[in-house]
Amino acid sequence: LLRRCFPPGDALCSVAFAAAGVENMQLLFYPCGYGGATDGFCSLFLYAPAGATLKYALFCGTNRRDATNFFEEAGAFGRTNFCRFEGVVEEDTDSIHIALEIDEAHQDVVARVA
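In this text the structure is predicted, and so the values were computed from the model without any measurement.

**Q** Lay out the overall build of the chain with the relevant residues and their values.
**A** Assigned secondary structure in the chain consists of one helix and ten strands. Along the chain, helices and strands appear, N-terminal first, in the series α-β-β-β-β-β-β-β-β-β-β. Classification of the 114 residues of the chain by burial places 32% in the buried group. In the chain, 52% of the contacts between residues at least 6 apart in sequence involve partners at least 24 apart.

**Q** Pulling in residues and values, what's your account of the packing of aromatic side chains?
**A** Counted under the stated rule, the structure contains three aromatic pairs. Judged by centre distance (5.0 Å) and plane angle (65°), the ring pair of tyrosine 30 and tyrosine 34 falls under edge-to-face. Note on tyrosine 30: relative accessible area 9%, which makes it buried. Judged by relative accessible area, tyrosine 34 falls into the partly exposed class, the value being 42%. Between tyrosine 34 and phenylalanine 45, the ring centres sit 5.6 Å apart and the planes meet at 75°, which makes this aromatic pair edge-to-face. Taken as a pair, tyrosine 34 in the loop between β3 (22–30) and β4 (41–48) and phenylalanine 45 in strand β4 lie far apart in primary sequence, eleven residues in all. We classify phenylalanine 45 as buried; its relative accessible area is 10%. An aromatic cluster is built from Tyr30, Tyr34 and Phe45, whose rings are joined through pairwise contacts. One Lys or Arg, arginine 65, reaches over the ring of phenylalanine 82 and ends 5.2 Å from the middle of that ring.

**Q** Explain the side chain of asparagine 69 to me, using residue names and the numbers behind them.
**A** Structurally, the position occupied by asparagine 69 is in strand β6 (residues 63–71). Beyond its immediate chain neighbours, meaning those up to four positions away, asparagine 69 contacts Ala52, Thr53, Leu54 and Phe77.

**Q** Mind laying out the environment of glycine 21, listing which residues take part and the relevant values?
**A** Residue position: glycine 21 is located in the loop between β2 (17–19) and β3. Accessibility expressed as a relative area gives 65% for glycine 21, which makes it exposed. In this structure, the C-alpha to C-alpha distance between glycine 21 and aspartate 66, residues 45 residues apart in sequence, is 20 Å.

**Q** Which residues make up the nonpolar core, and what values go with them?
**A** Proteins that are soluble and globular tend to have nonpolar side chains buried together. One finds Leu46, Leu54, Tyr56, Leu58 and Cys60 to be the most contacted residues of the largest nonpolar core, which totals 19 residues. By residue number, the principal contributor to this core is strand β5 (residues 52–60), which donates five residues. Not counting chain neighbours up to four residues away, the residues in contact with cysteine 60 comprise Phe29, Cys42, Leu44, Phe82, Cys83, Val88, Ile96, His97 and Ile98.

**Q** Describe the pattern of salt bridges, and please don't skip the residues or the numbers.
**A** Once their charged atoms are close, side chains differing in charge can pair, the charge on each being opposite to the other. Counted by the stated rule, this structure contains three salt bridges. Residue arginine 64 pairs with glutamate 101 through a salt bridge whose shortest N-O separation is 3.6 Å. Residue arginine 64 is located in strand β6, and its partner glutamate 101 is located in strand β10 (residues 98–107); the two are separated by 37 residues in the primary sequence. With relative accessibility at 37%, the residue arginine 64 sits in the partly exposed group.

Calculation criteria
Residues numbered from 1 in each chain as written. Predicted model: local features only at pLDDT ≥ 70, side-chain atom pairs only at ≥ 80, totals over all residues. Heavy atoms only, no water. Helix = DSSP H or I, 4+ residues; strand = E, 2+ residues; numbered from the N terminus. Buried < 20%, exposed > 50% of the residue type's maximum accessible area, 1.4 Å probe, protein only. Contact = heavy atoms within 4.5 Å. Phe/Tyr/Trp six-rings, centres within 6.5 Å; stacked < 30°, edge-to-face > 60°. Lys NZ or Arg CZ within 6 Å of the ring centre and 35° of its normal. Core = buried A, V, L, I, M, F, W, Y, C linked by side-chain atoms within 4.5 Å. Salt bridge = Lys/Arg side-chain N within 4 Å of Asp/Glu carboxyl O.

Here it is as structure tokens:
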């Protein structure tokens, strides 16, 4: 059902959240994959604000992908071919566990004086 509701390129997005001192982050999950994803694969990204430097892991089901990224501009970073979708749905609860684990975080703050 989830793959029918979210065709390729359409994301299921978390609410914006703050963690490890970085505000306005968001998880973006594409059940049918983001542009260029291999058929049957889902995509998972972390959106973060400009100036954030993060060392983190994204989880989808039992799959883990490590990443380190400096977000020079606000945007998303993750994996287009994160894992095969079939393996992430928990049959007994009909749910998907998506998580973020942050190992290191730094947020540059730039203030402009008028």
